[in-house]
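This is what each chain is made of:
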Amino acid sequence: MSDCNGCSAAAPAVEFPGRKGVAPTTRVAVIGPPNSGKTTLFNRITGLRQKVANFPGVTVEQHTGLAVLPDGREAWIIDLPGVYSLAPRSEDEQIAHDVLTGNRGDTPKPQAVLLVLDSTNLARHLMLAAPILALGIPTLVILNMADDLRKRGGHVDLKELSLQLGAPVALISARQGEGLDRVYEFLAGAMPKPTPKELPVLQDVPKCRQWAGHVGNQAQYRPPVPPKWTRRLDAIFLHPAAGVLIFGLVVIAVFQTIFVYVTPLMDGVKSLFAVSGNWVASALPESLFRSLLIDGVWKGVGSVIVFLPQVLMLFLFIGILEDSGYLARAALIADRTMAKVGLQGKSFIPLLSAYACAVPAIMSTRTIENKRDRIATILIAPFMTCSARFPVYTLIILAFVPNRPVIGAFLGTQTVAMVGLYALGFIVAVITARVLKSSVLKSGRTPFLLEMPSYRWPTLQSLGLRLLDRSVVFLRRAGTVILLVTVILWIAAHVPFVNGKPPAIENSLAGTIGRTIEPAIKPLGFNWKIGIGLITSFAARETIIATLGAIYGMDDPDAQSQDLQKAIHRDLTPGGAVALLIFFAFAMQCVSTVAVVRRETAGWKWPLVQFTYMSALAYLGAFVAFHLMA
Amino acid sequence: MLQLSGNTGPAEQPVTLVDLRRGDAAILDHIDLPGEDARRLMELGFLPGTQITAGLSAPGGDPRVFQVDGSEIALRRETARRLKVRVPQSQRQV
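The residue numbering used here restarts from 1 in each chain and proceeds along that chain's sequence as written. Here every chain gets a letter starting at A, and every ligand a number starting at 1, in the order they are written. Totals for whole chains, interfaces and linings use all residues, but because this is a predicted model, local features are given only for residues with pLDDT of at least 70 and pairs of side-chain atoms are given and counted only at 80 or more. Hydrogens are left out, water is left out, and the side-chain values use all remaining heavy atoms of the structure.

### A closer look at the overall build of chain A
Working definition: helices are DSSP H or I runs of at least four residues, strands are E runs of at least two. Numbering for both runs from the N terminus. Per the secondary structure count, chain A includes 28 helices and 10 strands. Against the globule reference of 25 Å for 630 residues, chain A gives a C-alpha radius of gyration of 28 Å, in line with a compact fold. With respect to the three principal axes, the spread of C-alpha positions in chain A is 85 × 60 × 40 Å. Within chain A, the fraction of its 630 residues that count as buried is 54%. Only heavy atoms matter for contacts: two residues are in contact if any of them lie within 4.5 Å across the pair. Across chain A, contacts joining residues at least 24 apart in sequence account for 73% of those joining residues at least 6 apart. The quantity called the radius of gyration is restricted to C-alpha atoms. Its globule counterpart is 2.2 Å times the number of residues to the power 0.38. Relative accessibility under 20% of the residue-type maximum defines a buried residue, over 50% an exposed one, and the middle range a partly exposed one, all with a 1.4 Å probe and only protein chains included.

### Things to note about the environment of Val485 of chain A
Residue and element names in this part refer to chain A. You can see Val485 is positioned in helix H20 (residues 460–494). For Val485 and Gly177, which are 308 residues apart along the polypeptide, the C-alpha to C-alpha distance reads 45 Å. In this structure, Val485 is in contact with Ala539 and Val591, ignoring residues within four places of it in sequence.

### Overview of the pattern of salt bridges
All names here are of chain A. Only one rule defines a salt bridge in this text: a Lys or Arg side-chain nitrogen within 4 Å of an Asp or Glu carboxyl oxygen. All chains considered together, the criterion is met by 25 salt bridges over all chains. Ionic pairing is found between Asp71 and Arg73, a salt bridge with its closest N-O pair at 3.0 Å. Note on Asp71: relative accessible area 48%, which makes it partly exposed. Here Arg466 ties to Glu322 by a salt bridge, and the two come within 3.1 Å at their closest N and O atoms. Placement of Arg466 in helix H20 and of Glu322 in helix H13 (residues 308–324) is noted, with a sequence separation of 144 residues between them. Note on Arg466: relative accessible area 22%, which makes it partly exposed. Note on Glu322: relative accessible area 33%, which makes it partly exposed. Salt bridges linked by common partners bring Asp148, Arg152 and Arg456 together as one network.

### Quick word on the interface of chain A and chain B
The interface of chain A with chain B comprises 35 residues on the first partner and 30 residues on the second. Note on chain A versus chain B: buried area summed over both sides is about 3000 Å², and carbon and sulfur give 55% of it. Our count for the chain A to chain B interface comes out at 5 salt bridges. With a closest N to O distance of 2.6 Å, Asp69 of chain B and Arg209 of chain A form a salt bridge. Within 3.5 Å is the distance limit for a polar contact, defined as a pair of N or O atoms, with the added protein rule that one can donate a hydrogen and the other accept it, and that residues adjacent in sequence qualify only through two side-chain atoms. Taken together, the connections running from chain A to chain B amount to 14 residue pairs in polar contact (both at pLDDT 80 or more). When residues of the side of chain A that touches chain B are traced back to their parent elements, those giving at least two are helix H8 (205–218), helix H9 (228–237), helix H14 (326–340) and strand E10 (449–451) of chain A. If you tally residues by element for the side of chain A that touches chain B, the top one is H14 of chain A, at 5 residues. The residue inventory of the side of chain A that touches chain B, partitioned by class, reads 19 nonpolar, 6 polar and 10 charged. The buried area of a pairing is the accessible area, by a 1.4 Å probe, that goes missing from both parts when the two are put together, added over both. Polarity classes work like this: nonpolar for Ala, Val, Leu, Ile, Met, Phe, Trp, Tyr, Cys and Pro, charged for Asp, Glu, Lys and Arg, and polar for all others, with Gly in that last group.

### Notes on the side chain of Thr79 of chain B
Secondary-structure assignment places Thr79 of chain B in helix H2 (residues 77–80). The buried category is assigned to Thr79 of chain B, whose relative accessible area is 3%. Not counting chain neighbours up to four residues away, the residues in contact with Thr79 of chain B comprise Pro447 and Phe448 of chain A together with Leu33 and Leu41 of chain B.

### Details of the packing of aromatic side chains
All names here are of chain A. Ring pairs are drawn from Phe, Tyr and Trp, using the six-membered ring of Trp, whenever the two centres fall within 6.5 Å, and their geometry is named by plane angle: stacked under 30 degrees, edge-to-face over 60, tilted for the rest. This structure, assessed with the given rule, holds 9 aromatic pairs over all chains. Considering the side-chain rings of Phe247 and Phe348, the 5.2 Å spacing of their centres and the 40° angle between planes classify their relative orientation as tilted. Of the two residues, Phe247 is situated in helix H10 (residues 242–261) and Phe348 in helix H15 (residues 348–353); the sequence distance between them amounts to 101 residues. In this pair, the class of Phe247 matches that of Phe348, namely buried. Relative to Tyr613, the ring of Phe383 has its centre 6.1 Å away and its plane inclined at 85°; by these criteria the two rings are edge-to-face.

### So, the packing of helix H23 (residues 528–537) of chain A against helix H26 (residues 574–586) of chain A
Residues and elements named next belong to chain A. Inter-axis angles, ranging from 0 to 180 degrees, are taken between N-to-C directions of lines fitted to C-alpha atoms, where helices are fitted over the stretch in contact. Relative to each other, H23 and H26 sit at 10°, their axes nearing to 12 Å. Here H26 runs roughly parallel to H23, going by the angle between their axes. The segment H23 lies against H26, with Ile530, Leu534 and Ser537 engaging Leu580, Phe583 and Phe584. When its residues are assigned to classes, the contact of H23 with H26 shows 5 nonpolar, 1 polar and no charged. These descriptions rest on fixed angle ranges, namely under 35 degrees for roughly parallel, over 145 for roughly antiparallel, 65 to 115 for roughly perpendicular, and the rest for oblique.

### Thoughts on the pairing of strand E3 (residues 61–68) of chain A
Residue and element names in this part refer to chain A. Counting buried positions along E3 yields 7 of 8 residues, so the element is predominantly enclosed. Inspection of the sheet shows E3 paired to strand E4 (residues 74–79) by 6 bridges, in the antiparallel sense. What sits directly across from His63, in E4, is Asp79. Here, strands pair whenever DSSP counts at least two bridges between them. Connecting the antiparallel pair E3 and E4 is a turn made up of 5 residues, with Gly72 showing a positive phi of about 90°.

### Considering helix H17 (residues 371–380) of chain A
Residue and element names in this part refer to chain A. Most of H17 sits out of view: 8 of its 10 residues are buried. Restricting attention to buried positions, one finds in H17 the residues Asp373, Arg374, Ile375, Ala376, Thr377, Ile378, Leu379 and Ile380. Residues of H17 that are buried make contact with H15, helix H16 (358–363), helix H19 (413–437), helix H27 (591–601) and helix H28 (605–629). Between the side-chain oxygen of the N-cap and the backbone nitrogen of Arg372 there are 3.0 Å, and the N-cap of H17 in question is Asn370.

### Re the pairing of strand E4 (residues 64–68) of chain B
Residues and elements named next belong to chain B. In terms of residue burial, E4 counts as a mostly covered element, since 4 of its 5 residues are buried. As judged from the 4 bridges shared by strand E3 (residues 51–57) and E4, these two strands associate in the antiparallel manner. Looking across to E4, one finds that Ile52 is bridged to Val68. Note: E4 against strand E5 (residues 71–75), 5 bridges, orientation antiparallel. Along E5, the bridge assignment pairs Arg64 with Leu75. Hairpin connection from E4 to E5: 2 residues lie between these consecutive antiparallel strands, with Asp69 at a positive phi of about 50°.

### Some points on helix H21 (residues 509–516) of chain A
Taken together, the buried positions of H21 of chain A are occupied by Ala510, Gly511 and Gly514 of chain A. Within H21 of chain A, the buried residues cover an arc of 100° as seen down the axis, which keeps them to one side. The directions from the helix axis to the C-beta atoms form the arc being described.

### Things to note about empty space enclosed by the protein
Of the grid points, spaced at 1 Å and generated over the protein atoms alone, those admitting a 1.4 Å probe that cannot get out make up cavities, while open sets with protein on both sides within 12 Å along at least five of seven lines make up pockets; any residue with an atom within 4 Å of a point is treated as lining. Grid points are joined across faces, edges and corners, and a volume is the space filled by probe spheres set on the points. Within this structure, the stated rule accounts for 5 cavities of 30 Å³ or more. In this structure, the largest cavity occupies an estimated 160 Å³ of space. Together, 17 residues line the largest cavity, and Phe307, Cys357, Ala388, Cys590 and Ser592 of chain A are the ones closest to its centre. Mapped by element, the contributors of at least two residues to the lining of the largest cavity are helix H12 (288–305), H16, H20 and H27 of chain A. Considering only residue class, the lining of the largest cavity consists of 12 nonpolar, 3 polar and 2 charged. The calculated volume of the second largest cavity comes to roughly 60 Å³. Together, Pro33, Tyr84, Arg124, His125, Met127 and Leu128 of chain A together with Glu43 of chain B line the second largest cavity.

### With respect to the packing of H17 of chain A against H19 of chain A
Residue and element names in this part refer to chain A. Across the interface, H17 lies against H19 with an axial gap of 9 Å and an inter-helix angle of 150°. Here H17 is positioned roughly antiparallel relative to H19, judged by the angle of their axes. H19 is crossed by H17, and the crossing has right-handed handedness. Within the contact between the two elements, H17 uses Arg372, Asp373, Ala376, Leu379 and Ile380 and H19 uses Ala429, Thr432, Ala433, Leu436 and Lys437. The residue makeup of the contact of H17 with H19, split by class, is 6 nonpolar, 1 polar and 3 charged. If you view the pair so one helix is near and one far, a crossing is left-handed when the near helix is turned anticlockwise from the far one by less than a right angle, and right-handed when it is turned clockwise.

Pasting the structure below:
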């Protein structure tokens, strides 16, 4: 795959040229416990000068960025994963530990550390200061959320704390941009090594906590009163009745947005591609190159970019839910239900997102810390009925299911068929999850822990950067993998030449492949034309519509939907139609999903397992359906 | 098994976090979980001798949020059962 986020072991993954073409010499790592506002600070000081990749060989995402210091020099900042300690147990902790100790060949050891702690929960967060200061790397201890500390009546003596820790201390509010000059001062300054008064035995957690408490006492730390608003909001959001109702409303809002409100935007992008395609086509002379550009590249890449509004809207939602603190409450409410299939509360939002598109859903599984739960969620996500299946379902249902009322005028047979297909995907996902979680992905007895952060207003900057970040990851795929596949498919449909011209599609390479696989798909009730459609649909599901349109000799399959329905009706038996629907419900016909699973699981093992499993299930399901109907 | 015990008082009935109702507070006595899992809980503030207060929960009471060391952490019932606590005499219901 040309997607090389995690496969370039040789080249340093985080090479980040400075703005003047010279790599900055100062490398600084940002570290802190989860919910300390570490990423907010990182966003503050690097802004748009960010880059996201995976640490080679693992699933941990690596955010790097450039900070421009007041004197014009630059520092290269790396945002390490949120950790409670440096004991290397989880993948996140291992990465943090290895980067800070200089044990990762791909990431040079940082010269300084920005340790971000939540000032409203200082006594516990100071526990992380012990292993960090013990590294001997120059460290700035940053007490974040200064505004909260002040408002809720907390206090800390910075001078004394600095004396105890033997390191400079800055009280800031990353959200408000308050106190950042101290951070820049540190980055531009001499950066001395820390000289803590004393350090506890790092392996002994109670001793570390005692030390943190002692340091806090010496610095006259007075914790703030508990957040009033968080208590009040939780009384509503976690109310046995109102909480569940609000949870339901949030789910409906997400659904409604990604299915209904985004549709005009998606149609807009679609017609933008169609109009610009026609415009480019009219500007170019009739040639094979034009055909490749318009029918291959333009339509292929366009069919993926159409999903961008949906992806952005989904991440806007997830961003608001996560940054506001509601996501943790939603996970709490969903946990019991998800536990029934062996998963956990945090799997809920990714699975919900998969109804729009499996790609952002799989990207959003990063909120699940438990690796086995995360992989199980990734493996079942593509069973959820994504929006690419919808046009295919629509075409076949309209062609084969006569619309008869089931309950009055409200519910017709076509709707029942559609809902049935959605239910089918869901049921298979649930069964698969149960099988996985009781066998290969059994979680053992690792306790499920969920920290409830205080509620906060999400900031525009954080939401904006998140959307930018996710769209880059999404579009990179459209620009690489999808482009490659569409070009290959176009070539397969245009060779070998007959008398210097491309052949009719049935005589092309694609047609030959379609006929070659006909014996294999005949038991499912498909002929070679459907076969070609199936092959092309492995690039992206909805491609089958354009392909069938081309085979039946229609220029614009969207406009000719009626004719296409009739043509398919002639070529498929009702049994074959049901088999085709089942095939689409189960098969992993989406290069983007395969690529994103490879990226998120850092290897080919899981995407291959998933692809094989889903294909086998699709084949068997279609086979059984065809024979039951016959 | 890692058994970190605080100062256990005179023979008290064994109580776990599951037995606390909303608003009840108790002192953590020990964590009855394998070493690594216990460590993770301790890093979040569940240290023997620390006061834990039961908070709100998901519908049905599982998982439940516990207030400990300035944070709110949700635990499933299966985990909460492994955290043995002592209920201060003054709060004991007779």
